[in-house]
Amino acid sequence: MAEIKTQPTDADVEAFLHAATPARRREDGLRLAELFREVTGTDPVLWGPSMVGYGSYRYVSPANPRTRGNWPKVAFSPRKASLSLYGLKDRPEGAALLPSLGTYTEGAGCVYVKRLDDVDLDVLRRLVAIAWAREDDPEP
């Protein structure tokens with residue numbers, strides 16, 4: 001079985017966030033780090049080169065139960081084009097609340113936000129809390 005490429009690292013999350021460009025992404029990334037830390041009560045870990053993750057859970061792919069690994073319960077990346085938010089729509093409660101977030105688009109596994117000012121931060125806090133409560137996937 002191939003190893004998952006995105007793994008937790010020892011890289012400095014603060015240095016990563018302060019190096020984000022453009023300046024708007026850097027500012028929003030620092031605000032997100034503060035919000036996620038406030039909700040989760042834990043410090044972030046850099047997963048791979050660009051994902052700021054909080055906690056982890058063991059997953060088992062529903063499509064192929066032999067595919068399994070660890071993934072952050074909730075994470076974000078301050079990418080140049082937009083902020084990528086992970087874990088917000090993985091649970092039914094999060095998916096149901098997501099339309100209340102504000103202006104966003106969706107990818108297969110994440111939510112894209114152009115600016116934090118475009119979303120309701122109280123709804124975002126609730127979405128992070130829902131994702132944070134995720135348990136390990138059950139063994140098949």
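Residues numbered from 1 in each chain as written. Predicted model: local features only at pLDDT ≥ 70, side-chain atom pairs only at ≥ 80, totals over all residues. Heavy atoms only, no water.

1. So, helix H4 (residues 121-132)
So, step 1. Its twelve residues place the ends of H4 16 Å apart at the C-alpha level, agreeing with the 16 Å of an ideal helix rising 1.5 Å per residue.
So, step 2. Along H4, the residues classified as buried are Val-123, Leu-124, Leu-127, Val-128, Ile-130 and Ala-131. Projected down its long axis, H4 carries its buried residues within an arc of 160°, all on one side.
So, step 3. Contacts from the buried residues of H4 go to helix H2 (23-40), strand E5 (74-78), strand E6 (83-86) and helix H3 (92-97).
So, step 4. Measuring from the side-chain oxygen of the N-cap residue of H4 to the backbone nitrogen of Asp-122 gives 2.9 Å; that N-cap residue is Asp-120. (Helix = DSSP H or I, 4+ residues; strand = E, 2+ residues; numbered from the N terminus. Expected span 1.5 Å × (residues − 1). Buried < 20%, exposed > 50% of the residue type's maximum accessible area, 1.4 Å probe, protein only. Arc of directions from axis to C-beta. Contact = heavy atoms within 4.5 Å. Polar contact = N/O pair within 3.5 Å; in protein donor to acceptor, adjacent residues only side chain to side chain.)

2. Looking at the environment of Arg-91
So, step 1. Locating Arg-91 in the fold gives a position in the loop between E6 and H3.
So, step 2. The exposure class assigned to Arg-91 is partly exposed, which follows from its relative accessible area of 22%.
So, step 3. For the pair Arg-91 and Val-111, spaced 20 residues apart in sequence, the C-alpha separation works out to 13 Å.
So, step 4. If near-sequence neighbours (up to four positions away) are discounted, Arg-91 is found in contact with Ile-130, Ala-133 and Arg-134.

3. Things to note about H2
A turn of α-helix holds 3.6 residues, and therefore any two residues three or four places apart point the same way.
So, step 1. Taking 1.5 Å of rise per residue, 18 residues should cover 26 Å, and H2 covers 26 Å from first to last C-alpha, within 8% of that figure.
So, step 2. Looking at the buried positions of H2, the neighbouring elements they touch are helix H1 (13-18), strand E2 (51-54), E5, E6 and H4.
So, step 3. At the C-terminal side of H2, Gly-41 shows a positive phi close to 75°.

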